[in-house]
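# Overview (structure and organization)
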Amino acid sequence: MKYIEKIFFGLNGREQTLLTLALWSVLVIFLFKIVSSSVGLFDQWKLNEQVISGHKKVLDLKPAIDGALEQQKKEQQNKSYDKKQLSNLASRLADQVFPQRDYREFESDERERYKQHRVRIKFDRASYEDVNEYAALIRNESPYMFLSEVKIEPNYPPKNRPYDPTTFDAYFEVSSVEFLNP
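Residues numbered from 1 in each chain as written. Predicted model: local features only at pLDDT ≥ 70, side-chain atom pairs only at ≥ 80, totals over all residues. Heavy atoms only, no water.

### Let's talk about the pattern of salt bridges
Summed over all chains, the structure comprises 9 salt bridges. Linking Glu49 and Lys46 is a salt bridge whose minimum nitrogen-to-oxygen distance equals 3.7 Å. Of the two residues, Glu49 and Lys46 both sit in helix H2 (residues 13–75), 3 residues apart, roughly one turn of that helix. What makes Glu49 partly exposed here is its relative accessible area of 38%. Here Lys46 falls in the partly exposed class, since its relative accessible area comes to 34%. One salt bridge connects Lys122 with Asp124, and the closest N-O pair in it is separated by 3.5 Å. For Lys122, a relative accessible area of 19% puts it in the buried group. We classify Asp124 as partly exposed; its relative accessible area is 38%. The network of salt bridges with common partners includes Asp109, Arg118 and Glu173. (Salt bridge = Lys/Arg side-chain N within 4 Å of Asp/Glu carboxyl O. Helix = DSSP H or I, 4+ residues; strand = E, 2+ residues; numbered from the N terminus. Buried < 20%, exposed > 50% of the residue type's maximum accessible area, 1.4 Å probe, protein only.)

Now the structure itself:
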C-alpha cells in the first residue's frame, strides 16, 4: 500500500486528478455492468418462471384431454375412417361433383393414440357451385371426415371475354382420425 501511496503522491496535482477520475470511471462502469447483467438475469428468470407456469398449466390439462380423447374414441368406435375408407369416400364424393379432379394421398401422421390420414383433392377450373358442393359433402361426413386445409384461387376471365364465368382452382385436404387401440 505504501508503494501505491508513494507513486500517487509522486505525481503532480493534475495527474493525481486525472488518475482519480479514471479509477472512478472504471469503478462506475464496472458497477453499471454488474447492475445491467443482474437486471438481465432477473428478467430471464421471470420469463423462465412464466414459461414453466404455462407448461404446468398444460400438464394439468392432460387428464381432461385424455378423458375427452377416450370419450371421442368411444363415440367414433367402428365409425372413424381408416386410410383406405377415407381415400375411397373422398374420391367418390369428388367424382359426384367434379369428375376431372386430381387426387393424391399423403402419408398418415401417427401419434401415440391416433393416426391422421390425409388426401388432397384438386379441382382445376371448377365453378363456385362445384367447390361449395364438395365442401358441403365433406362437412356432412363430420366428425369422421373433415377439411383440414382448403385453398381456393380464382381464375378471372380474360379481358377480351369479360362475360365468361370466373372459375376456381381449389385444393382440398381431407382428413380423418383413426383412434388406435391401447
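Picking up where we left off.
### Regarding the packing of aromatic side chains
Applying the stated rule across the entire model yields 6 aromatic pairs. Each ring, one from Phe42 and one from Trp45, has its centre 5.8 Å from the other, and the planes form 35°; the classification is tilted. Here Phe42 and its partner Trp45 are both found in helix H2, 3 residues apart, which amounts to about one turn of the helix. Measuring from ring centre to ring centre gives 5.4 Å for Phe123 and Phe172, while their planes differ by 70°; the resulting arrangement is edge-to-face. Pair noted here: Phe123 is in strand S3 (residues 114–126) and Phe172 is in strand S5 (residues 167–179), with a separation of 49 residues, a long-range link. As far as burial versus exposure is concerned, Phe123 and Phe172 are alike and both buried. Of the aromatic side chains, those joined through ring pairs into one cluster are Phe98, Phe123, Tyr134 and Phe172. Here the basic side chain of Lys151 rests over the ring of Tyr171, its NZ or CZ set 5.9 Å away from the ring centre. (Phe/Tyr/Trp six-rings, centres within 6.5 Å; stacked < 30°, edge-to-face > 60°. Lys NZ or Arg CZ within 6 Å of the ring centre and 35° of its normal.)

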